[in-house]
Amino acid sequence: MIRLTIIMLSVLILTTPAWSQKPLLLGIHPFLPYETLEKKFAPLAAYLGQELDRLVIVRIGSSYQDHIDATGHDQVDMAYLGPAEYVMLVEKYGPRPLIACQETDGETFFRGVVVVRNDSPATSLAALEEGEFAFVDRHSTMGYLVPLAMLQQENPHLIAERRYRFLKTHEDVALGVLAGDFAAGAVKEAVFQRFKTRGLKMLTATPAVAEYLFVASSTMPAMTVERLRLALLNLKMTAEGRQVLYAIKESLTGFSPVCDADYDSLRQMLALPKQEEGVGNER
């Protein structure tokens, strides 16, 4: 009986597609420190593993570009992308199966904020006549690309004079502005909300764009994509699922269906002529 069981298990393993035997890699871009991201996404990885009866491992990219390339080369099975990252991914590598986009406070659109210190005399982007501006990463939607487009329209001299620097995270930008190292900086609205009581104020908000989303590898079977989609859409239906959402972000209320056309307005914004030398060369 034992020998028969071993033979049956061997046949099952040999006849199961190799793809389904390996763990799923869940790719995340480094928008926060590694340890923070691992803690935030570990509950989601565990939940998806239970739903698919399969190990899910979190893979945090070394940079935004590394994350885009890993997704484009199908080195991750499922990727969490910012809107601009997604637009760049499709532009360079072609479309990927869409799984779902996130809801923040029930909305599938979000904004960024240009922040200054409470004692700043500036009342608009055009009024930033002195000091440096803090961006995040060249591939960050609200930490660079959208505010860059706004500055090109309202304060092109700041860009032409290269009065800006890139920092690693949105939190670094907020802290740099608070410390007085920068006259202003671009951050996600959620980061502004966390730091505004410490001495930051909003100079202006960005236009709204479609939310962060999950995409699948081009090699993932359609049935697995659908199982992942249903798993994400169902998270908000249970108390346990809502705890998984809360671990990622306190204001994350669920996931919704998504389509490529949701990002067309961002594509139009990013298509504006770039005055900064080298912008777009890293796509």
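Got a minute to help me understand the overall build of the protein chain in this structure?
Summing up its helical and strand segments, the protein chain has 11 helices and 13 strands in all. A total of 283 residues make up the protein chain; the buried ones form 49% of that total. Pairs at least 24 residues apart make up 78% of the contacts formed inside the protein chain by residues separated by at least 6 positions. Accessible surface for the protein chain amounts to roughly 13400 Å². Of this, 55% is attributable to carbon and sulfur atoms.

Sorry, what's going on with the confidence of the model for the protein chain here?
As a general rule, the predicted coordinates of low-pLDDT regions are not to be interpreted in detail. Summarising the model, the protein chain shows a mean pLDDT of 88, and 88% of its residues fall at 70 or more. Note on residues 1-19: pLDDT is under 50 here. Beyond four places in sequence and across chains, it has 8 contacts. This model gives residues 274-283 a pLDDT under 50, and the stretch forms 26 contacts once residues within four places in sequence are excluded.

Would you explain the nonpolar core in this entry?
Grouped burial of nonpolar side chains is what soluble globular proteins tend to show. One finds Leu 44, Phe 133 and Leu 232 to be the most contacted residues of the largest nonpolar core, which totals 92 residues. When residues in this core are grouped by element, the largest group, 8 residues, is from helix α5 (residues 141-154).

Would you mind going over the sheet that holds strand β1 (residues 24-28) with me for this structure?
Hydrogen bonds along the backbone pair up the strands of a sheet, which may run parallel or antiparallel. Within the open sheet, the 6 strands sit side by side as β2-β1-β3-β12-β4-β13. Their pairing is mixed. With one partner strand each, in any of the chains shown, β2 (56-60) and β13 (252-256) form the two edges of the open sheet. Here the strands of the sheet are splayed against their neighbours by 20° on average, with no regard to which way each runs. The pairing of strand β4 (residues 98-104) with strand β12 (residues 213-216) spans 3 bridges and is antiparallel. What sits directly across from Ala 100, in β12, is Phe 214.

Explain the sheet that holds strand β10 (residues 200-205) to me, please; I cannot follow it from the model alone.
Ordered by their spatial adjacency, 5 strands build an open sheet running β8-β7-β9-β6-β10, and the pairing between neighbours is mixed. Sheet topology places β8 (164-166) and β10 at the edges, where each strand pairs with a single neighbour. With strand direction ignored, the average angle separating the axes of adjacent strands in the sheet is 35°. Sheet topology places strand β7 (residues 133-135) next to strand β9 (residues 184-188); 2 bridges connect them, and they run parallel. Among the inter-strand pairings, Phe 133 is bridged to a residue of β9, identified as Ala 184. Seen against the sheet, α5 touches β6 (112-117), β7, β8, β9 and β10 and runs at an angle of roughly 135° to β7. Sheet contacts for helix α7 (residues 170-178): β6, β7, β9 and β10; angle to β9, the most-contacted strand, approximately 150°.

The rules behind each value
- Residues numbered from 1 in each chain as written.
- Predicted model: local features only at pLDDT ≥ 70, side-chain atom pairs only at ≥ 80, totals over all residues.
- Heavy atoms only, no water.
- Helix = DSSP H or I, 4+ residues; strand = E, 2+ residues; numbered from the N terminus.
- Buried < 20%, exposed > 50% of the residue type's maximum accessible area, 1.4 Å probe, protein only.
- Contact = heavy atoms within 4.5 Å.
- Areas by Shrake-Rupley, 256 points an atom, 1.4 Å probe, with all protein chains shown as cover.
- pLDDT = per-residue confidence, 0-100.
- Core = buried A, V, L, I, M, F, W, Y, C linked by side-chain atoms within 4.5 Å.
- Pairing = 2+ DSSP bridges.
- Axes fitted to C-alpha atoms, helices over the stretch in contact; angles between N-to-C directions.

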